[in-house]
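Spelled out from the first residue to the last, the chains are:
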Amino acid sequence: MKQSGLFVVFLLLCADRRGSGSHPKPSCRYPPSQWCRSLEIAIECRVQKQCMEVNATGPNKSVPPVSVVLYYESLCPDCRVFISQQLFPTWTILHDIMTITLVPYGNAKELPSANSPFTCQHGEPECRGNMIEACIIHLTGHSAFEIVHCMESAADVLNAAQPCLQLYSPSVSWSTVDSCVKGGLGNQLMRDNAAMTRALNPAHTHVPWVTFNGEYTEEYEDKAMSSLFHLVCQLYKGVKPPACTGAPVRLNRGFC
C-alpha cells in the first residue's frame, strides 16, 4: 500500500467528516498507516471503499522492486541516524518500488556459552535490543519496520519497544515478544542473523551496511549515505513515480 495513498485516504475521511458537521471519535484502534494493510482492518476502520480506490492504481507488478537489506545494530548511533533520516523517509514515499529487509546483528559475536551466547559492540543492552527487534520482525510482518523505526528514533530504544509495538501492531501482545526474547526462538533468530551477516561478500567492515538487489559496492554506499531516496529512484527499472522527479537531499554519513 502506498503511503501517499494512505494520506489521500486520510484526507478524504477528514473531508467527509467536516462535511457531515459531526466530530466522530476514531473508529478503530489502528493508526492511519495500517488502515489498508488488510481487508479486516479496512472494514474495522470503515475505509474499505477508499482503500479499494487507492489499490486500483500502483506500479507495474512485472517490474521487481528495489531490494534494500540493512545490516545494523540496535544501539549504533549511526545506524539510528540512517534509519530515521534516510531509510524510513525514503520507504514512506517509495514504499511501492522498494522492499526492506532488516538484519539486526552487525558487529556482534557468537560465544560458546548457553547463558550469554552473544557479545555486542555497544554492550549487553544492545544484544537485548537486537534480539527484541529480531523477534518483532519475525512476529509482526508488515508492521515490523514501523515498529523498529519507532524504537530507533526514540530517546531510549529499549524502553520504547513495548509502546511502539502497541501503537503499530496492537494485535501482537508484548508477552509474545518477551517469550521470544527469553526463549529459544530469540537465540535462533539471532543465529540466523549472524549467519546472514557472515555470508556477506564482501564481508562487512562497519555498520550500517546496506546491499541493493543483493549487491554491495562503495559507490552504492556513498550514494545511499548521502541520498538513499535518489539511489532507489535510480535503481528502479520501471516507470519512475512522480516523487522521483524531485531534487535529492544530501546528508552527512557516519558508521560504527
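Residues numbered from 1 in each chain as written. Predicted model: local features only at pLDDT ≥ 70, side-chain atom pairs only at ≥ 80, totals over all residues. Heavy atoms only, no water.

Colleague: For the pairing of strand E2 (residues 98-104), give the residues involved together with the corresponding values.
Modeller: With seven bridges connecting them, strand E1 (residues 66-72) and E2 associate as parallel partners. In the sheet register, Tyr71 faces E2, and the bridge partner there is Val103. Of the crossover connections in this fold, the one passing from E1 over helix H4 (residues 77-94) to the parallel E2 is right-handed. (Pairing = 2+ DSSP bridges. Helix = DSSP H or I, 4+ residues; strand = E, 2+ residues; numbered from the N terminus. Right-handed = clockwise from strand over helix to strand, strands pointing away.)

Colleague: Could you give an account of helix H8 (residues 174-182), naming the residues involved and the relevant values?
Modeller: Side chains that are three or four residues apart share a direction in an α-helix, a result of its 3.6 residues per turn. Burial in H8 covers these residues: Val177, Asp178, Cys180 and Val181. For H8, the angular spread of buried residues about the axis comes to 160°, placing them on one side. Along H8, the residues that are exposed and aim more than 90 degrees away from the buried face are Ser179 and Lys182. Each element contacted by the buried residues of H8 is listed here: helix H5 (124-140), helix H7 (157-168) and helix H9 (184-198). (Buried < 20%, exposed > 50% of the residue type's maximum accessible area, 1.4 Å probe, protein only. Arc of directions from axis to C-beta. Contact = heavy atoms within 4.5 Å.)

Colleague: Tell me about the environment of Thr140, and please be specific about residues and values.
Modeller: Locating Thr140 in the fold gives a position in helix H5. Assessed through its relative accessible area of 10%, Thr140 is described here as buried. When the C-alpha positions of Thr140 and Leu165 are compared, they lie 8.8 Å apart, and in sequence the two are 25 residues distant. In this structure Thr140 touches Ile147, Leu165, Ser169 and Val172, once residues within four positions along its chain are discounted.

Colleague: Lay out the pairing of strand E5 (residues 209-212) in plain terms, naming residues and giving numbers.
Modeller: Side chains on a regular strand alternate between the two faces of the sheet. A two-sided burial pattern is seen for E5, the buried positions comprising Trp209 and Thr211 on one face and Val210 and Phe212 on the other. Here E1 runs beside E5; their pairing, made up of four bridges, is antiparallel. Paired with Val68 across the bridge in E5 is Phe212.

Colleague: Explain the packing of aromatic side chains to me, using residue names and the numbers behind them.
Modeller: Considering all chains together, one arrives at six aromatic pairs under this definition. Relative to Phe145, the ring of Trp91 has its centre 5.3 Å away and its plane inclined at 80°; by these criteria the two rings are edge-to-face. Of this pair, Trp91 sits in helix H4 while Phe145 sits in helix H6 (residues 144-152); the two residues are 54 residues apart in sequence, bridging distant segments of the chain. Overall, the relative accessible area of 7% leaves Phe145 in the buried class. Pairwise contacts between aromatic rings join Phe88, Trp91 and Phe145 into one cluster. (Phe/Tyr/Trp six-rings, centres within 6.5 Å; stacked < 30°, edge-to-face > 60°.)

Colleague: Can you explain the nonpolar core? Please cite residues and give values.
Modeller: In terms of nonpolar packing, the biggest core is built from 33 residues, with Val66, Leu70, Leu87, Leu94, Met98 and Phe212 touching the most fellow members. Elements supplying a minimum of two residues to this core: E1, H4, E2, H6, E5 and helix H10 (218-235). Of the residues forming this core, the biggest block, nine residues, is contributed by H10. With near-sequence residues (within four places) excluded, Leu87 lies in contact with Val68, Leu70, Phe82, Met98, Ile100, Leu102, Phe145 and Leu228. Core analysis: the second largest hydrophobic core is formed by 26 residues, Cys120, Cys127, Ala161 and Val172 among them. (Core = buried A, V, L, I, M, F, W, Y, C linked by side-chain atoms within 4.5 Å.)

Colleague: Report on the state of the cysteines, specifying residues and quantitative values.
Modeller: Tallied over the entire structure, the rule returns six disulfides. Disulfide partner of Cys28: Cys45, at an S-S distance of 2.0 Å. One quick way to see it: the torsion about the S-S bond of Cys28 and Cys45 is about 90°, and its sign makes the bridge right-handed. With Cys28 in the loop between helix H1 (3-20) and helix H2 (39-44) and Cys45 in the loop between H2 and helix H3 (48-55), this pair connects stretches of sequence that are 17 residues apart. (Disulfide = S-S within 2.5 Å.)

Distances and angles like these do not, on their own, reveal function.
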